[in-house]
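Inside the fold
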Amino acid sequence: MPIARPHADACPGALRTHDAADGSLARVRVPGGAVSSAQLGVLGAAARELGRDVIELTSRGNAQLRGVRDPAALAARLEAAGLLPSPSHERVRNIVASPLGGRGPRGVLVTDPLVTALDRALCANPRLAGLPGRFLFALDDGTGDAAGLDADLTYAPDGLHIAGTRVSLPAGDAVALLVAAAEGFLDVRGDAWRVAEVPDGARLIAGRLGASAEEPGAPPEPRPPHAGVVRQRDGLVALEVVPPLGRMSGAQAEALAGVSGSVRITPWRSAVLRDLASGEAGEVAAVLAEAGFAVDAASPWVGVTACTGSPGCAKSRGDVLGAARRWVAGLERAPETPVHWTGCERHCGTPRGPVVLRTAESAENG
């Protein structure tokens, strides 16, 4: 039976903000996590001047500004910075991609131009403005990192996958296939927000593409948290850094903007700087460590995440961020299994894969 929802999708955006307990929350979509240094500087200044000086990195590689006092002023800054190319489509520009974009040891598909082309195709298609704000596209370069993010539509070197099920189609235009599949979802969705909520959804959408859905295989292993240097195939390196608990101040965003022309925000609440020389990576890491980022895999901050907690969330029963920081202060190195802190049973923001859940209440009670 199709899903019948009592209310419309209320996923926040940059124009339709969410009324959180600590003020308006604005979610800024950055397809593929790609943000230029100039755009990052705009986000940092906006967080400090218009909000609570907090930028949250989300599990879809986007950025959230909390406590926004003037949403209209924020929207004007985002539009001027090129971060709001289509007001009608801003909540549906949900695209994740492999952060190295084909540069890593297993990367065989160059994803950067596909992200750009898909974003433009989404914004140019009036019908796709009707996609739910939770619908997700993924572009995987062959590494398997983006393919493990439970996207509705994934394009990888072996072709199109619909909710994890590969579709038997000849090689073709990746963007055209993704757009056609998204339109197919709109044909069959009913009130569903995700393909997985549509009974036999992968097969129904594949049929609209003139293809068949194969038997689902084992899902890719979730990517483990990481910080530090990653070797690229071209002899250069990438540097991945982690802001504590996935949150940056405006000054930290500006520090990132000051060391690289562009940054990739990842769905693992980290930031990747690509195409660095080995010596340069060490210098950049030192600057960002001074700014408060974790820059190596052994850091106790790597693998520790948290929901907003009190006072930002009215449902939270405790100061989640404070409890998580106190717990991390007692660690000597990163936990073996990722740890996620929450303030209630909803466990918002829990990462995919093995994870230890802790609550602020349980910590306060010993």
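What counts and how
Residues numbered from 1 in each chain as written. Predicted model: local features only at pLDDT ≥ 70, side-chain atom pairs only at ≥ 80, totals over all residues. Heavy atoms only, no water. Core = buried A, V, L, I, M, F, W, Y, C linked by side-chain atoms within 4.5 Å. Buried < 20%, exposed > 50% of the residue type's maximum accessible area, 1.4 Å probe, protein only. Contact = heavy atoms within 4.5 Å. Pairing = 2+ DSSP bridges. Helix = DSSP H or I, 4+ residues; strand = E, 2+ residues; numbered from the N terminus. Axes fitted to C-alpha atoms, helices over the stretch in contact; angles between N-to-C directions. Salt bridge = Lys/Arg side-chain N within 4 Å of Asp/Glu carboxyl O. 1 Å grid on protein atoms, 1.4 Å probe; cavity = no way out; pocket = protein on both sides within 12 Å on 5 of 7 lines; lining within 4 Å. Points joined across faces, edges and corners; volume = space filled by probe spheres on them. Nonpolar A, V, L, I, M, F, W, Y, C, P; charged D, E, K, R; others polar.

In terms of nonpolar packing, the biggest core is built from 41 residues, with Leu256 and Leu288 touching the most fellow members. Once residues within four sequence positions are removed from consideration, Leu288 is found in contact with Val241, Ala255, Leu256, Val259, Leu273, Phe293 and Val295. Of all hydrophobic cores here, the second largest spans 36 residues; its members include Leu131, Leu139, Phe185 and Ala192.

Moving on, we get to the sheet that holds strand S19 (residues 356-359). Strand pairing within a sheet occurs via backbone hydrogen bonds; the two strands may be parallel or antiparallel. Here we have 3 strands laid out as an open sheet, ordered S17-S18-S19, and parallel in their pairing. Two strands lie at the open edges of the sheet, namely strand S17 (304-306) and S19, each paired on one side alone. Neighbour-to-neighbour, the strand axes of this sheet turn through a mean angle of 25 degrees, independent of strand direction. Here 4 bridges tie strand S18 (residues 339-342) to S19, and the two strands are oriented parallel to one another. Within S19, the residue paired with Trp341 across the bridge is Arg358.

Attention shifts here to the environment of Ile162. If you trace the backbone, Ile162 turns up in strand S9 (residues 159-162). Overall, Ile162 belongs to the buried group, its relative accessible area being 0%. Counting along the chain gives 151 residues from Ile162 to Cys313, while the straight-line C-alpha distance between them is 34 Å. Here Ile162 is in contact with Asp152, Leu153, Val167, Val195, Ala202, Ile205 and Ala206, once residues within four sequence places are set aside.

The next point concerns the pattern of salt bridges. Under the definition given, this model contains 20 salt bridges. With its nearest N and O atoms 2.7 Å apart, the salt bridge here joins Asp22 to Arg52. Taken together, the residues span a long stretch of sequence, with Asp22 in the loop between strand S1 (18-20) and strand S2 (23-28) and Arg52 in the loop between helix H1 (37-50) and strand S4 (55-57) at a distance of 30 residues. Between Arg203 and Asp200 there is a salt bridge, with its nearest N and O atoms 2.3 Å apart. Via salt bridges that share partners, Asp22, Arg52, Glu56, Arg66 and Arg247 belong to a single interconnected network.

Moving on, we come to the layout of surface pockets. Quantified by volume, the second largest pocket comes out at close to 480 Å³. Taken together, 24 residues form the lining of the second largest pocket, with Ala147, Ala163, Gly164, Thr165 and Pro220 sitting closest to its centre. Those elements that place two or more of their residues in the lining of the second largest pocket are strand S8 (153-156) and strand S10 (165-168). Among the residues forming the lining of the second largest pocket, the class breakdown is 10 nonpolar, 6 polar and 8 charged.

Counted residue by residue, strand S13 (residues 237-241) has 5 buried out of 5 residues, so it is predominantly covered. Neither face of S13 is left uncovered, since the one carrying Val237, Leu239 and Val241 and the one carrying Ala238 and Glu240 both have all their residues buried. One ladder, built from 4 bridges, connects strand S12 (residues 228-231) with S13; its direction is antiparallel. Opposite Val230, over in S13, you have Ala238 as the bridge partner. The turn linking S12 back onto S13 is made up of 5 residues, and Gly235 within it adopts a positive phi angle of 95 degrees. The sheet contact formed by S13 and strand S16 (residues 271-276) spans 4 bridges and is antiparallel. Each bridged residue has a counterpart across the sheet, and for Val237 the counterpart in S16 is Leu276.

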